[in-house]
Amino acid sequence: MPYSTTKSSFLSEDFLLQNEFAKILYHHYAKELPIIDYHNHLPPAEINANRKFENISKIWLAGDHYKWRAMRTFGINEKFITGNASDEEKFTQWAKTLPYTMRNPLYHWSHLELKRYFGIEDLLAESNATEIYNQCSSQLKQDAFSTQGLLAQMKVKVVCTTDDPIDSLDQHVAFHKQGTDLGMYPAFRPDKSYGVENPTSYLTYLASLGDSVGFDITSYEKLLEALSARIEYFHQRGCRLSDHGLEQLYFFEENEFSIDSIFKQVTAGETPTQQEINYFKYNTLLALCKMYHAKGWVQQFHLGALRNTNDRSLRMLGPDTGFDSIGDFNQAKAMAGFFNALNSEDQLCKTVIYNLNPRDNEVFATMIGNYNDGSVRGKIQFGSGWWYLDQKDGMEKQINTLSNMGLISCFIGMLTDSRSFLSYPRHEYFRRILCNLFGQDVANGELPWDEKWLGGIISDICYHNANDYFDFSPENIQV
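Residues numbered from 1 in each chain as written. Predicted model: local features only at pLDDT ≥ 70, side-chain atom pairs only at ≥ 80, totals over all residues. Heavy atoms only, no water.

1. Considerations on the overall build of the chain
- Looking only at helices and strands, the chain has 19 helices and nine strands in total.
- In terms of overall dimensions, the chain is globule-like: its C-alpha atoms have a radius of gyration of 23 Å, near the 23 Å expected for 479 residues.
- Within the chain, buried positions represent 57% of all 479 residues.
- For the chain, long-range pairs separated by at least 24 residues make up 77% of all intrachain contacts whose partners lie at least 6 apart in sequence.
- Averaged over its 44 positive side-chain charges, the chain has a centre that lies 4 Å from the centre of its 60 negative ones. (Helix = DSSP H or I, 4+ residues; strand = E, 2+ residues; numbered from the N terminus. Rg over C-alpha atoms; globule rule 2.2 N^0.38 Å. Buried < 20%, exposed > 50% of the residue type's maximum accessible area, 1.4 Å probe, protein only. Contact = heavy atoms within 4.5 Å. Lys, Arg positive; Asp, Glu negative; His and termini not counted. Charge placed at Lys NZ, Arg CZ, Asp CG, Glu CD.)

So this is what it looks like as structure tokens:
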């Protein structure tokens, strides 16, 4: 039987909402709220320039390693994924793959994106690929489909990009001067500043960091001085949060190594031992976190990814091309030691921790309660389902675990963590899943049907908690 591309009850207005309580919560309290996307990888230059994309492949397939992994699994040649095939050919191969992604979140996300942005209700397949390619590509020429137009369509109030300490942030400053309703703020991502496992690339990075601060980084003390200067530079340009991508946090009870000796060793081109690498990361992160605390920032830790597992593909395609997976790192003891070291000096700022291994949900959900101190509502957060876990089952597990072991009512909700301007229906996806879980509890008699109270909690999780938690304001930009 051929695959039918005609619309059906799939993606109805009550998609994922399985009872009347869930429908009321979503349609009356969640659906129309603005979006605060406090972590993503959107290019700030494309937002500032208000870029229009030439066709649907440019905005939908380029850089999307979720789709790339699915296409490789389906047997699509790399030529049609990251290779030199035409944009329309790549789209056709994705359309050929999509019907076979059923029960993968890509099937939901892709059709939500086609429907919400382009009004396309037919199911995408190879048979209608050309028609849909042309229809979407034609709409992308309209002003409403520029980068800023797309964000406005989804009621995005804030986007926080991910920026290296050496970034000039010129695009953020220029965008601020446009005076639009959208807030675009940088987020400080200093991973390369402690990446001493590769001395060659580290030396290259130190030279660039030195150029950004106007002095040579000839010692570990100079490294911290440079990072402090860049934090001040980011702060003046509206930055109020940092982010870190790590396998795990690190902790050492005693000064087991000389941090200055490790720095000299690396700058001499020698690779430290694994324990020395971990010690360097620990000390540098500890120093950075104290700087964040002094500025009143929020710090984020994305933990648990096993990256670049395929050497051959890494050589051919580079990083972030779809060859990372969930790692199985020990998290609890070092995380507790790290946070405790900061908390003991009252220098633990607002913190969001994200795990990539679902086995650690309970670890992370209980860890945040150790360091909430009553000074801030939800000061330490167990972040939303991330990467491989930002799908229905992963979101439900994260929400249920946080509900069981913390206060879901204080949760700051969803983010995209995306490189795509078409990814914002993931907030809708999250909101529907959240409302359905609460609605099921009401239907089961496990929660009282107090519409205004539950509706308020839903609204808080979807928008108000994040709006209160982060200090985003145009007045923060001083240049």
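2. Examining the environment of T161
- One can find T161 in the loop between β2 (156-160) and α9 (170-178).
- In this structure T161 comes out as buried when scored by relative accessible area, which is 0%.
- Separated by 53 residues in sequence, T161 and H108 place their C-alpha atoms 25 Å apart.
- Excluding residues within four positions of it along the chain, T161 makes contact with N40, L42, P44, H172, M184, Y185, P186 and A187.
- Polar side-chain contacts of T161 include one of 2.7 Å to the side chain of H172. (Polar contact = N/O pair within 3.5 Å; in protein donor to acceptor, adjacent residues only side chain to side chain.)

3. Side note on helix α19 (residues 451-469)
- Where α19 bends most, the angle comes to about 60°, and this point is D460.
- For α19, the full list of buried residues reads L454, G455, I457, I458, S459, I461, C462, Y463, N465, A466 and Y469. (Bend = angle between axes of the 7 residues up to and from the residue.)

4. With respect to the sheet that holds strand β1 (residues 35-37)
- Taken in spatial order, the three strands of this open sheet run β1-β2-β3, and their pairing is parallel. The sheet is open, and its two edges are formed by β1 and β3 (183-185), each paired on a single side. Sheet twist, expressed as the mean angle between neighbouring strand axes with direction ignored, is 5°. (Pairing = 2+ DSSP bridges. Axes fitted to C-alpha atoms, helices over the stretch in contact; angles between N-to-C directions.)

5. Concerning helix α1 (residues 20-30)
- Taken together, the buried positions of α1 are A22, L25, Y26, Y29 and A30. Seen along its axis, α1 keeps its buried residues to an arc of 115°; they face one direction. Seen from the buried face of α1, the exposed residues on the opposite side, beyond 90 degrees, are E20 and H28.
- If you check the start of α1, you find a side-chain oxygen 3.1 Å away from the backbone N of F21, and it comes from N19. (Arc of directions from axis to C-beta.)

6. Re the pattern of salt bridges
- Inspection of the entire model under this criterion finds 24 salt bridges.
- E32 is the salt-bridge partner of K155, the closest N and O atoms lying 3.1 Å from each other. Placement of K155 in the loop between α8 (147-153) and β2 and of E32 in the loop between α1 and β1 is noted, with a sequence separation of 123 residues between them.
- Look at the salt bridges and you will find they share partners, linking D14, E20 and K23 into a network. (Salt bridge = Lys/Arg side-chain N within 4 Å of Asp/Glu carboxyl O.)

7. Topic: the pairing of strand β5 (residues 298-303)
- In terms of burial, β5 is a largely internal element, six of the six residues being buried.
- Judged by which residues are buried, β5 turns out to be covered on both faces: V298, Q300 and H302 on one side and Q299, F301 and L303 on the other are all buried.
- As judged from the six bridges shared by strand β4 (residues 241-246) and β5, these two strands associate in the parallel manner. Across the sheet, D243 pairs through a bridge with Q300, a residue of β5.
- In the sheet, β5 pairs with strand β8 (residues 350-355) via six bridges, with the strands oriented parallel. From the neighbouring strand, Q300 faces β8, where its bridge partner is V352.

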